[in-house]
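Structural overview for review
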Amino acid sequence: MDALKIARAPLALIATAALLCAAASSRAQAPQWRAQAVEPRAIDVAGGRLSDRVPQLARQAGISISVTSDKLWRTKVKPVRGTMTPGEAIARMLAGTHSRAVQLSATSWRIEAAAAPTQVARARRAPPDVAPPPPPAEEAVIVTASKLDQAYEDYPGAVHILDGSDLRLGGERGTDSIASRLASVASTHLGSGRNKLFIRGIADSSFTGPTQATVGQYLGDLRLTYNAPDPDLRLHDIKNVEVLEGSQGTLYGAGSLGGIIRLVPNDPDPNGFALETSAGFSLTQHGQPGADIAATVNMPVGKGGHALRLTGYGITDGGYIDNPVSGENDVNWTRIAGGRAVLRLDLGNAWTVDVGGIYQTTVIDDSQYADRDAPPLTRSSAVVEDANADYGMATLVVRKDFGDLRFQSSNAFVSHGLDERFDATGADDVPRVFEQRNRTRMLTSETRLWRPVEDGFGWVLGVSAIDNETEQRRVYARTLLRATATGVTNRVTELTGYGKLSLEVSRGILLSGGGRITHSRLGGSAEDVQPLFAAAGSEITASRTETQLLPSAEALVHLVPGLSLYARYEEGFRPGGLAIEGQFVRRFRNDHIQSIEGGVRLGSPYYGFAASLSAAYAYWRDIQADFIDGTGLPTTANIGNGRITSIAGSLSLFPLDRLQIDLNAVYNHSRVIALTPEVFRLASLRPSNLPVTNAFVDLPALGSLGQLSPDAAPGSIPNVAEYAVQASVDYRVPMGAADLRLAGWLKYVGPSRLGIGPVLGDEQGDYLDTGLTARYGDARRGVSLSVTNLLDTTGNRFALGTPFDANSGGYTTPQRPRTVRIAVDYRY
């Protein structure tokens, strides 16, 4: 079911009743068209700007709607969903705004400004001796990721809601589009389909191994990954993206230590045919050109309220890294193709079933890192380091609207593959390749029943199950010779029950609390090992179980209209598993995080500004980290305990009706406060020809080795920038029947380190990323020109090259050079 609900149902009902009473009082003088019966229709329109929602409502209701003032187009309106007449739908959408609807004919309506009320702010939010101002129209913004359909103003935490059309403006860049707009979201930069995501400095490693991710990724309520890298799905036909910062263990369970990223797709619409297309061509300075094309089709199926929605896309990004050894230039081409399909079946009595699927393939011709001391954008490599990723998901979602209650069962099967090649050439300069093959299969199911938060009360109860199996196999290749290396298979089955209650205990004071209990069964096996070693490790690979209880508590206080304080406590965990150690496999334990957060929100677009500030502290016990051992091979271990402090702030300014300026920043301070003896034991497993004298260890978030001795002091968590700043501006200029939209952004990522110690302590980060887009057109068609990396800076996003030469410290991952894209888009 569509997660966007009416935030304040009583207000909507009052507005609807007023409209009906007004119509009834003038029935005697009504024109003939008022006597005509108006058939209710299924309406499903999200909240947002009036300019974006009027066309959707008009199409679904079969009416025409005019708006009398340019200023009204910017009004934030409420979401509307259900079966109702056009008049009821418009009344609900406009409830709480300074506008009204006037019916002109049986199929024609006009929206015009209404007289401003004297006092319409909710009395329960205002002190008795203060006359509150009118409520802001953006009360309709709903945090659907809360699983309680909670209004943004009542959500006790740091959350960002990004509009899907804004993310696609200027060219679709997948997860990079999200990270470039939020200071708190960071990523490794191995390449599309190979990266790991971090939020608030909660980072474990640069490589994807047996450990579960620290950021949960979802499409609606469907988990996208478990212990696989970010699939980097393209964001075509995505309604919005919700980013929740901080641990979300109660509602999302294992793998949400740093937060979650939730993609909300557009739903199939049974009320009419719709087509949306776009095509672009790009030129990259110092590199090769690229192109992209995408299309979305929505079509009704029969007359029973069924609908089919299809999305397809293809993207080619030209290379820009030269390889003097092979004599080839611009070797790192990337090609992405994929699509999404959903068939919605209306079973009647408010039951719907969505059957769908996703597929995306990513082909990377060669790595995108460069030699640090070579000319810019140059890497000398004797082998090709290509990669291929394939992601597929089959989905089944069942929904039921009971009125005050909602029911949803979300089920999916995921198949995810990643093949990578690394340069393993040794000191003899004979070309060698290390090949790694990862295959993940996951079954996931979640069923929940909830009462959306209305009138200060709401709750959710849910159960979920996950069955995940990941196989990792490894091969060394030299000319025609191939030798297998030890691999590992990890299996985990999770059964979970959770619940949460939100209650307004007094005027303007909201308390929430809940818990989650998860029972995990863990198992696995070593792959491609000799029978003797396999027998010796049989006890290690035997199945075992773990049970975790994750409580949470939250409080939010509305001090005065436009000023709120909140505090929250949350826990999270990741189950243990098996890792490779030479010819054996070895267990690693679960890790656990406890976090406390406090924040303040001030203002709203109604007042011309909106600001927030939050501070969070997390204690991370038995940190799981995928790192490189002394032989150059990825492995996993519990490396110690850590503390992370994060301070984040945001400010939005609305100086003009069509101008918005957004600023956000984050400061992270992270320390590993206790190292385990196991780290130093594993670091000692290195061949005698490795040109170092001390033990190498990798601390979290690394994918690299740091040089430490067992008595060395713990240090900061690498790969996490201490600070980052992001800014964006969006301005619309009316030009007759069309608009000129100008949008720009920049993000500065502060310095960080790949590893610990003098060998791998080289800095990375400390770069500025920028973009600018201009689009001229209307709601149906437009042409756009965009430029990324305006200053054509090289930067260093990631200091890791091949793990088999990690101790050289001689690599950088440059930004894509300045790229200019021209594109057209069309909607019908």
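Model, not experiment: these values are computed from the prediction.

Details of the overall build of the chain
Per the secondary structure count, the chain includes eight helices and 46 strands. Evaluated residue by residue, the chain yields a buried proportion of 56% over its 828 residues. In the chain, the proportion of contacts linking residues at least 24 apart, taken out of those at least 6 apart, comes to 67%. Surface accessibility of the chain: about 31700 Å² in total, with carbon and sulfur atoms responsible for 59%.

Concerning the nonpolar core
If you look at the biggest cluster of nonpolar residues, it comprises 30 residues, and the most contacted ones within it are I178, L224, V241, V243, I261, L263 and M393. Of all the elements in the fold, those that place two or more residues in this core are helix 5 (175-179), strand 12 (197-199), strand 13 (215-219), strand 15 (238-245), strand 16 (259-265), strand 23 (387-401) and strand 24 (406-423). The contact partners of L224, leaving out residues within four places of it in the chain, are Q217, Y218, L219, L233, L263, Y391, M393, V414 and M442. I63, M84, A89 and I111 belong to the second largest nonpolar core, which has 21 residues in total.

Considerations on the confidence of the model for the chain
This prediction gives the chain a mean pLDDT of 83; 82% of its residues lie at or above 70. Low pLDDT, under 50, characterises residues 115-140; the predicted model gives this stretch 59 contacts beyond four residues in sequence or across chains. A low-confidence stretch, residues 686-713 stays under pLDDT 50, and its non-local contacts, those more than four residues away or across chains, total 90 contacts.

Some words on the sheet that holds strand 14 (residues 222-223)
Where strands meet in a sheet, backbone hydrogen bonds hold them as pairs that are either parallel or antiparallel. An order of 10-15-16-13-14 is seen for the five strands of this open sheet, with the pairing classed as mixed. Looking at strand neighbours, the two that pair on one side only are strand 10 (159-163) and strand 14, the edges of this open sheet.

Focus on the packing of aromatic side chains
Aromatic ring pairs are reported here in terms of the distance separating the ring centres and the angle at which the planes meet. Overall, the coordinates contain seven aromatic pairs when judged by the stated rule. Summarising the aromatic geometry, the rings of Y218 and Y252 are spaced 4.9 Å apart at their centres and angled 65° between planes, so their arrangement reads as edge-to-face. Placement of the pair is Y218 in strand 13 and Y252 in helix 6 (residues 249-252), with a sequence separation of 34 residues. A centroid spacing of 6.0 Å and a plane angle of 65° characterise the contact between W351 and F407, whose relative ring orientation is edge-to-face. In this pair, W351 sits in strand 21 (residues 351-364) while F407 sits in strand 24, placing the two residues 56 residues apart along the sequence. Residue classification places F407 among the partly exposed positions, given a relative accessible area of 21%.

Quick word on the pattern of salt bridges
What the rule picks out here adds up to 44 salt bridges. R262 is the partner of D221 in a salt bridge, and the nearest nitrogen-oxygen pair spans 3.4 Å. With a gap of 41 residues between them, D221 in the loop between strand 13 and strand 14 and R262 in strand 16 connect regions that are remote in the sequence. Each of R200, E245, K500, E554, R568, E570 and E597 takes part in salt bridges that share partners, so that together they form one network.

Remarks on the packing of helix 2 (residues 50-61) against helix 3 (residues 86-94)
Interhelical geometry of helix 2 versus helix 3 gives an angle of 165° and a closest axis separation of 11 Å. By the angle between their directions, the pair helix 2 and helix 3 is classed as roughly antiparallel. The two elements helix 2 and helix 3 meet at a crossing, and its hand is right-handed. On helix 3, the residues that touch L50, R53, L57 and A61 of helix 2 are P86, A89, I90, M93 and L94.

Thoughts on a nonpolar patch on the surface
On the surface, F281, L283, M735, Y776, V783, L785, V820, I822 and V824 cluster together to form a nonpolar patch covering roughly 790 Å² of accessible area. Among the elements of the structure, strand 17 (274-284), strand 44 (781-788) and strand 46 (819-827) are those that each provide at least two residues to the nonpolar patch. Residue contributions to the nonpolar patch peak at three residues, all from strand 46. Looking at the secondary structure, you find F281 in strand 17. What makes F281 partly exposed here is its relative accessible area of 43%.

Notes on helix 3
The element helix 3 is extensively covered by neighbouring structure, given that seven of its nine residues are classed as buried. Immediately beyond the C-terminal end of helix 3, within one or two residues, lies G96, with a positive phi of roughly 90°.

Digging into unusual backbone geometry
Here D237, not a glycine, exhibits a phi torsion of approximately 60°, which is positive. Structurally, D237 can be placed in the loop between strand 14 and strand 15. Since its relative accessible area comes to 6%, D237 is described here as buried. In this structure, D330 takes a positive phi of about 55° despite not being glycine.

Comments concerning the pairing of strand 23
Bridge analysis of strand 21 against strand 23 gives 14 bridges, and the strand direction is antiparallel. Looking at the pairing, G356 lines up with T395 of strand 23. Pairing geometry for strand 23 and strand 24, over 15 bridges, is antiparallel. Residue M393 lies in a different strand from strand 24, and its bridge partner there is V414. Counting the residues that bridge the hairpin from strand 23 to strand 24 gives four residues, and of these G403 lies at a positive phi of roughly 100°.

Considerations on the environment of T484
Mapped onto the elements, T484 comes out in strand 27 (residues 481-506). Taking relative accessible area as the criterion, T484 reaches 54% and is therefore assigned exposed. With 43 residues separating them along the chain, T484 and E527 place their C-alpha atoms 9.5 Å apart. Apart from residues no more than four positions distant in its own chain, T484 is found in contact with R474, V475 and D528.

Some remarks on helix 2
An α-helical turn contains 3.6 residues, so any two residues separated by three or four positions project in the same direction. A rise of 1.5 Å per residue sets the reference length of helix 2, with its 12 residues, at 16 Å; its end C-alpha atoms lie 16 Å apart and thus fit the reference within 8%. Listed in full, the buried residues belonging to helix 2 are L50, R53, V54, L57, A58, Q60 and A61. Down the axis of helix 2, the smallest arc covering the buried residues is 165°, so these residues share one side. Just beyond helix 2, the residue with positive phi is G62, at close to 70°.

So, the side chain of D423
Considering the arrangement of structural elements, one finds D423 in strand 24. If we skip the residues at most four places from it in the chain, D423 touches S381, A382, V383, E385, R432, T802 and F804.

Criteria and thresholds
- Residues numbered from 1 in each chain as written.
- Predicted model: local features only at pLDDT ≥ 70, side-chain atom pairs only at ≥ 80, totals over all residues.
- Heavy atoms only, no water.
- Helix = DSSP H or I, 4+ residues; strand = E, 2+ residues; numbered from the N terminus.
- Buried < 20%, exposed > 50% of the residue type's maximum accessible area, 1.4 Å probe, protein only.
- Contact = heavy atoms within 4.5 Å.
- Areas by Shrake-Rupley, 256 points an atom, 1.4 Å probe, with all protein chains shown as cover.
- Core = buried A, V, L, I, M, F, W, Y, C linked by side-chain atoms within 4.5 Å.
- pLDDT = per-residue confidence, 0-100.
- Pairing = 2+ DSSP bridges.
- Phe/Tyr/Trp six-rings, centres within 6.5 Å; stacked < 30°, edge-to-face > 60°.
- Salt bridge = Lys/Arg side-chain N within 4 Å of Asp/Glu carboxyl O.
- Axes fitted to C-alpha atoms, helices over the stretch in contact; angles between N-to-C directions.
- Parallel < 35°, antiparallel > 145°, perpendicular 65-115°, else oblique.
- Left-handed = near helix turned anticlockwise from the far one by under 90°.
- Patch = residues over 30% accessible without salt bridge, like charges linked within 9 Å, V, L, I, M, F, W, Y side chains within 5 Å.
- Expected span 1.5 Å × (residues − 1).
- Arc of directions from axis to C-beta.

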